[in-house]
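# Structure at a glance
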Amino acid sequence: TLSVVIENNVADEAVIAYPNPFSDELNLVINSEIDDIARISLINSTGNTIYEMELPFTSGMNETIIRNRWLVPGIYYLRLTIQGKSKTIPVINMRK
């Protein structure tokens, strides 16, 4: 007998990252239904985490800014992790 368990590991929170592409600042808007702490990671194209922060947030709209003073131009992956569930958004850093 084969038993398969499918688990939802995708965060339910709505996440907007703008502007995309970005140069100096990447704005994040997280619309959450709960109060919690989110881990925000920026991952480069080789899979290395190059930036990480924890952000407490409340139910409703939450905003934060990632300031870019050190990224080289390229494609990055913004990962939001809340309560063990993740959502990943590709973002592009343009030359200044």
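As a reminder, the structure under discussion sits directly above these lines.
The residue count restarts for each chain, going from 1 along the sequence in the order it is written. With pLDDT at 70 or above as the cut-off, local features in this predicted model cover only qualifying residues; side-chain atom pairs require 80 or more to be listed or tallied, and sums for whole chains, interfaces and linings still use all residues. Derived side-chain values reflect all non-hydrogen atoms in the structure, with water molecules and hydrogen atoms excluded from consideration.

### Structural notes on empty space enclosed by the protein
Throughout, the protein atoms alone are placed on a 1 Å grid, and a set of points is a cavity if a 1.4 Å probe fits but cannot get out or a pocket if it is open with protein on both sides within 12 Å along at least five of seven lines; lining residues have an atom within 4 Å of a point. Grid points are joined across faces, edges and corners, and a volume is the space filled by probe spheres set on the points. All chains considered together, the criterion is met by one cavity of 30 Å³ or more. The wall of the largest cavity is formed by Val15, Leu28, Ile30, Ile40, Leu78, Arg79, Leu80, Lys87 and Ile89. The helix count covers DSSP runs of H or I at least four residues long, the strand count covers runs of E at least two residues long, and both are numbered beginning at the N terminus. For the lining of the largest cavity, the secondary structure elements donating two or more residues are β2 (25-32), β6 (74-82) and β7 (85-93). For the lining of the largest cavity, the element with the highest residue contribution is β6, accounting for three residues. Polar here means any residue outside two lists: the nonpolar Ala, Val, Leu, Ile, Met, Phe, Trp, Tyr, Cys and Pro, and the charged Asp, Glu, Lys and Arg; Gly therefore counts as polar. Along the lines of polarity and charge, the residues of the lining of the largest cavity split into seven nonpolar, no polar and two charged.

### Some thoughts on the nonpolar core
Core analysis: the largest hydrophobic core is formed by 20 residues, its most contacted members being Leu26, Leu28, Ile40, Leu78, Leu80 and Val91. Of the residues forming this core, the biggest block, four residues, is contributed by β6. For leucine 80, the contacting residues outside a window of four places in its chain are Val15, Ile30, Ala38, Arg39, Ile40, Lys85, Ser86 and Lys87. Residue types Ala, Val, Leu, Ile, Met, Phe, Trp, Tyr and Cys, when buried and joined through side-chain atoms within 4.5 Å, form a set referred to as a nonpolar core. Note on exposure labels: buried denotes an accessible area under 20% of the residue type's maximum, exposed denotes more than 50%, and partly exposed covers the range between, all computed with a 1.4 Å probe on protein chains only. Whether two residues are in contact is decided by their heavy atoms: any pair within 4.5 Å suffices.

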